[in-house]
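# Architecture and fold: a report
One letter stands for each residue in the lines below.
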Amino acid sequence: MARFAHTVTVAALDRGWFEEAAGALVDLLDASREGPGGSVVLADGRPVEGLRLLKGRHLRPGARYGEVPAVPEEAGEVPVEHAGAGEVPVEHAAAEAGDSPDAPQAVVLRTWRPSHSVEVESLVEEDGMSLKVGLRLSEPRRPRAVELSLSGHKPGGGSLYRFSGRGKADLAAWWAAVDRLPSAPPAARAPVSGRAVHRLAKARLTLTPRPAEDGSWRITVVLSMRGRWLLRPVGAVVLFFARGPVERGLREAAESAAGEWNTALAELTPSHGEALRAEIADALVNPDGATPL
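The structure contained in this document is the topic of the report that follows. (Residues numbered from 1 in each chain as written. Predicted model: local features only at pLDDT ≥ 70, side-chain atom pairs only at ≥ 80, totals over all residues. Heavy atoms only, no water.)

### Re the packing of aromatic side chains
Evaluated as defined, the whole model comprises three aromatic pairs. Ring geometry for Phe18 versus Trp175: centroids 6.1 Å apart, planes at 50 degrees, classification tilted. Here Phe18 is found in helix α1 (residues 15–30), whereas its partner Trp175 is found in helix α3 (residues 171–178), with 157 residues between them in sequence. Note on Trp175: relative accessible area 8%, which makes it buried. When the centroid spacing of 6.1 Å and the interplanar angle of 70 degrees are considered together, the rings of Trp175 and Trp217 count as edge-to-face. Within this pair, whereas Trp175 is found in helix α3, its partner Trp217 is found in strand β13 (residues 217–227), the two being separated by 42 residues in sequence. Pair check on accessibility: Trp175 and Trp217 agree, each one buried. (Phe/Tyr/Trp six-rings, centres within 6.5 Å; stacked < 30°, edge-to-face > 60°. Helix = DSSP H or I, 4+ residues; strand = E, 2+ residues; numbered from the N terminus. Buried < 20%, exposed > 50% of the residue type's maximum accessible area, 1.4 Å probe, protein only.)

### A few points about α1
Its 16 residues place the ends of α1 22 Å apart at the C-alpha level, agreeing with the 22 Å of an ideal helix rising 1.5 Å per residue. Of the positions making up α1, those classed as buried are Trp17, Glu19, Ala21, Ala22, Gly23, Ala24, Val26 and Leu28. Along its buried surface, α1 packs onto β6 (107–113), α3 and α5 (273–285). Put simply, Asp14 is the residue that caps the front of α1, since its side-chain oxygen is 3.3 Å from the backbone nitrogen of Gly16. (Expected span 1.5 Å × (residues − 1). Contact = heavy atoms within 4.5 Å. Polar contact = N/O pair within 3.5 Å; in protein donor to acceptor, adjacent residues only side chain to side chain.)

### Observations concerning unusual backbone geometry
Unusually for a residue other than glycine, Leu59 sits at a positive phi of about 60 degrees. By secondary structure assignment, the location of Leu59 is in the loop between β4 (47–55) and β5 (64–66). The exposure class of Leu59 is buried, given its relative accessible area of 12%. With a phi close to 50 degrees, Glu139 is a non-glycine residue in the positive phi region. Structurally, the position occupied by Glu139 is in the loop between β8 (129–138) and β9 (145–153). Look at Glu139 and you get partly exposed, because its relative accessible area is 36%.

### Description of the nonpolar core
In terms of nonpolar packing, the biggest core is built from 39 residues, with Tyr65, Leu109, Trp175, Trp217, Ile219 and Ile280 touching the most fellow members. Elements supplying a minimum of two residues to this core: β1 (2–10), α1, β4, β6, α3, β13, α4 (232–266) and α5. With near-sequence residues (within four places) excluded, Leu109 lies in contact with Leu59, Arg60, Pro61, Gly62, Ala63, Tyr65, Val118, Glu119 and Val120. (Core = buried A, V, L, I, M, F, W, Y, C linked by side-chain atoms within 4.5 Å.)

### Description of the pattern of salt bridges
Evaluated as defined, the whole model comprises eleven salt bridges. A salt bridge links Arg141 to Asp30; the nearest nitrogen and oxygen atoms lie 3.8 Å apart. Separated by 111 residues along the polypeptide, Arg141 in the loop between β8 and β9 and Asp30 in helix α1 bring together distant segments of the chain. The partly exposed category is assigned to Arg141, whose relative accessible area is 28%. Asp30 sits in the partly exposed class, given a relative accessible area of 34%. One salt bridge in this structure joins Lys132 and Glu121, with 4.0 Å as the shortest N-O distance. A residue pair is termed long-range when its members are at least 10 positions apart, and Lys132 in strand β8 and Glu121 in strand β7 (residues 117–126) qualify at eleven residues. When salt bridges with common partners are traced through the structure, they connect Arg15, Glu19 and Arg142 into a single cluster. (Salt bridge = Lys/Arg side-chain N within 4 Å of Asp/Glu carboxyl O.)

### What about α3?
Most of α3 is tucked away: six of the eight residues are buried. Where α3 is buried, its residues meet α1, β9, β10 (162–170), β11 (192–198), β12 (201–211) and β13. Backbone nitrogen of Ala172 and a side-chain oxygen of the N-cap are separated by 3.3 Å at the start of α3; the cap is Asp170.

### Quick look at the environment of Thr9
With respect to the element layout, Thr9 can be found in strand β1. Judged by its relative accessible area of 35%, Thr9 is partly exposed. Between the alpha carbons of Thr9 and Arg218 there is a distance of 4.6 Å; along the sequence they are 209 residues apart. Setting aside chain neighbours within four positions, we find Thr9 in contact with Ser216, Trp217, Arg218, Ala258 and Asn262.

As structure tokens, then:
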């Protein structure tokens, strides 16, 4: 087995603000409803940008969300009472798009229980690969854990084009790890971990945080890789010669992610209460014009 590790320093995220923002977002979505043409509108009547109900009932298991192709302006709207063969009424356009094989990629809601869990699933076709992605959030109003599942294959490509993976971020364990004294040893179990499996190899990635003296977080990223079955000796040789590029790739990816995180937090101006709720609502309605939270 080959093991690679790198440690980065990132700005700390305030737990109270994070949980308050998560709760406000969940409450805004929970109070939303279906609007004209499958749009999703907030309680104040404003539509959520980029979110359309394509099939099913809003916030019910099986509801399918995505984007509906825009109708050309010159085509105009077709009145419901005059809709004929080949003409789709505006209010049914979303449902028709959800059934079309050429429809944009969609997300299916599997569970919506804001006090317990939220689960979504998406099937994505990209670069000839078929990807199935699942996401589950426990206790969304005060997030305790995020679980991710991923499986992919290339139609007609055989087992060499199949892979799967699972990951989990135990947020309760993360907050406990960063709440220690800087001199304390790091957490024995990584709060964030993920595994990927391919016919030829397995990989495991972990993130373990610890507080720094200045209040920032020191996060150690560890990547472990090994070959499978009879290919273990071959995999060991390949990883021996590829160790340099893999180490460099891990270091660059970790530093890039840390830089983006630090930039995002530097631009963040935390607000609270109704001001925070209003800013999140504005961001849902107009993401490009939203002011920093």
